Every structure is written in structure tokens, then in C-alpha cells.
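Close look at the chain arrangement
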Amino acid sequence: MKKQTQAIHLPYKRRDAYDALSMPIYNAVAYEFDNAEVMADAFCGRIDAPDYSRVENPTVTNFELRVKALTGAEHVIALNSGMAAISNTLFAIVEQGKNVITSRHLFGNTFSLLTSTLSRFGVETKLCDLTNVDAVEKLVDDNTCCLFLEVMTNPQLEVVDVRALTEMAHRHGIPVIADTTIIPFTQFSAKDLGVDVEVISSTKYISGGATSLGGLIIDYGRFPFIGKRLLNEMLFNLGSYMTPQVAYMQTLGLETLDARYRVQAANALALAKRLCTLKPICNVNYVGLEDNRYHQLSLRQYGETAGAMITIDLESQEACFKLLNNLKLIHRATNLFDNRTLAIHPASTIFGLFSAEERAAMDILDTTIRLSVGLEDVDDLFNDIKQALEA
Ligand SMILES: *Cc1c(COP(=O)(O)O)cnc(C)c1O
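First, a word on what this report is: a plain description of the structure on this page. All figures in this text were calculated on a predicted structure; none of them were measured in a lab.

1. Focus on unusual backbone geometry
With an omega of 10°, the peptide bond running from Asn 154 to Pro 155 counts as cis. Its place among the elements puts Pro 155 in the loop between β4 (144-150) and α7 (162-171). At Leu 157, a position not held by glycine, the phi torsion is positive, near 60°. Among the secondary structure elements, Leu 157 is positioned in the loop between β4 and α7. Overall, Leu 157 belongs to the buried group, its relative accessible area being 1%. A positive phi angle is found at Ala 210, which is not glycine, with a value near 60°. With respect to the helices and strands, Ala 210 occurs in the loop between β6 (197-201) and β7 (215-219). Judged by relative accessible area, which is 33%, Ala 210 ranks as partly exposed.

2. Description of the packing of aromatic side chains
Given two aromatic rings, their pairing is described by the distance between the two centres and the angle made by the two planes. With the rule as written, the count across this model stands at six aromatic pairs. Ring centres of Tyr 205 and Phe 337 lie 3.6 Å apart, and the angle between their planes is 5°; on these two criteria the pair is classed as stacked. Here Tyr 205 is found in the loop between β6 and β7, whereas its partner Phe 337 is found in the loop between β10 (331-332) and β11 (342-344), with 132 residues between them in sequence. As far as the burial class goes, Tyr 205 and Phe 337 line up, both buried. A network of ring pairs unites the aromatic residues Phe 111, Phe 351 and Phe 354 as a single cluster. Above the ring of Phe 382, the side-chain terminus of Arg 274 is found at 4.4 Å from the ring centroid.

Rules used in this analysis
Residues numbered from 1 in each chain as written. Predicted model: local features only at pLDDT ≥ 70, side-chain atom pairs only at ≥ 80, totals over all residues. Heavy atoms only, no water. Helix = DSSP H or I, 4+ residues; strand = E, 2+ residues; numbered from the N terminus. Buried < 20%, exposed > 50% of the residue type's maximum accessible area, 1.4 Å probe, protein only. Phe/Tyr/Trp six-rings, centres within 6.5 Å; stacked < 30°, edge-to-face > 60°. Lys NZ or Arg CZ within 6 Å of the ring centre and 35° of its normal.

Read these as geometric descriptors, not functional statements.
Put into C-alpha cells, the structure is as follows:
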């Protein structure tokens, strides 16, 4: 079956007692066993049966199995946020005295997790330019435990050569973790690009219009110790498993993901082209534009579409605030890939608590507005931005 058919028709692991067509929400904490022997077998993993919903729940398992079918993963673990997926994965890999190689162009909380939280446990983070593979290779040493990258950075929209980085890392025996939140797995195969563990904020595209927070760890099994620690240690000890209510909503989101994404990506491209014609906008950054410096690399790695995030630059922070305050349709909100179009000034919000020097090092400019393009008609979106600039 093709991906889109699987996303909708993958059979349930066990037939529902009432033959419910959509997977019911099993809002149960614990599960009863016929006898003590079966109970012991379940707890020790000798038989496949849920015992406690902090580590296994039928509704969540169903969501995980669909993602597994769509990605060809060895293990998929659904957790309660994107940050839970990232932190659980890193906790399964890092050790005191080891180092992680990554970029300054990183989701703000991931940056803080690495440079503040994990540094308190004796883990070093080496920050470098991941677009320069030779420079990255020079940082690899005997204590390097992983390379962490984002497939398209937020909000810089930088694209790294994923295959070149994974080939280099694998020559040194190092796993590569990729945050693929910005381009859904229905569009490209991170596994084929050599990624070892994919982490995703399913809060974004997959949730089906900002219905719920969630995260996914998609482990391709090339480094078996990672899956083992995740399933036997992190899942139990960190307690971040997804709830059945969220899994229900995100399974529905998964069924419409491809359809919604195609419209949002097409809207983003059409809007980006039209924004280029507006005088007060100094720069339109969208990887789908042919003159974007990452366009060819993105085409090769991620296919025809380039996501639904655009950034625009105006002449000053005041001009950005004025535009945001004059919007009538587009919402002033964080989050990405809601059905609605959202706008935010990253420097004063998501990165507002970083110092000016830190923001400069991360290429977060005071003049940038980030747009997450939704499912509205592009004429309405364009007209809203145009009137807000003219107001
Ligand atoms: C939103 C986001 C996260 C964090 O996800 P949450 O679900 O909010 O915890 C991580 N990485 C990227 C690229 C994101 O956009």
C-alpha cells in the first residue's frame, strides 16, 4: 500500500470488542490479567500485552504503529511534546564527559536543553556551522556521542546537507539525530538520508490543526543501544508517554496530514512569491523560491515542497510590531502549521530571554517576522499583509 492509504487503513493490532471503525480512546491506567502467570509474563515482556499506561496504551500504540508503517522505523515512541521526544532521545545517548555536536541555528528550547540542562550533567555541546561538513568533522573526537541537526532550521530556514553529514558521522561511528518537525515524513525519507533517530514535534503538522501537544521518536535501529535505553529506561523513568486522548486526535491528524500539508506548502509558495512584490518588505525567505540559496539542496533532499514557514524582513523592529498590530485576519501567535496563518516576531518572543549577543550568534534578527501559512485562501492572506503594511 502507498503511504496515504496506510495512513488511513492500517489494521489495528487487535480487533476492537465492538468493531469500532476508529480506534477508541482507551482511557485506562491499568489492565487486568487472567492469572498471575500471565501477569508476570506481561510485566517481563515475554508476552505483548499492556500493563500500565505510563509505558503502553492501546490507543497510543495504534498511533505509533501507523507512524512506524509510514516511516519504516524499527521503533516509534509517542510522547507528550516535541521537547519530550528530544530530551528522552538525548538522555538515552549522552553520558558525563561526552559531547554533542550541533548548530547555533536550533529551536530555542533544544539549544537551552543542550547548553544549560545537559551541561549541568557534564555533557559538552560543540556549536558549529553544520553547512560546512569539513569543519564539523574537525570537531569530532573520541568523546563525541552524537550529531544533532534540524532538517530546516526555525526561523533561519537553513538547510544542511543531511546525507553528507550522516556519511561523515557514520565513518566515525556516531549516530545522527534529526529534528524533522518542519518537513513531514510523508514528503521524504530521513532513513534514506542516513538519519539514525528522527525526533518530531507532532504538535505541529501532525496534530491536525493545533489540537494537542505531542512528540515522536522514530528510531531506525542502526544503533541498537538507543532503542533499548529508550524503551527499557527512558519510557519508564522519565514518564513522558503520550496520553490516549492526544493519540486519538493525532491519529486523525495523521490521516489528513498529506492533504493538509500539500495545500499549506502550495499556499506558502504562492504567498512568498506575492510578498516579494511588496516594497516595504526588504527580504522574503522561503526555501521554495527558486533564488533561495537552499532551494536546490531542499529539492534533492525533501522533494518538490519546502514547508509552510516563511520569514520576511522589514526595516526595523518598530515596522515589524506595526505590521503585527495591524493584522486583521492573520493571528499573532506562536506555533507552526495550525490550519490558521500565524505571525510572530521571534527576536522579542521565542528568543526574547536570550541576550542581544546570543541572538546575533544565532542569526535571530530584530527585523524578522515569521509566518506559518495555513489553509486560508492566499488572496485573503496577501491582502491582510498588504493592508497591515499600508495602515
Ligand atoms: C515546536 C518545535 C519543537 C518543540 O516541540 P513542542 O511540541 O512544543 O515541545 C522542537 N523542534 C522544532 C523544530 C519545533 O518547531
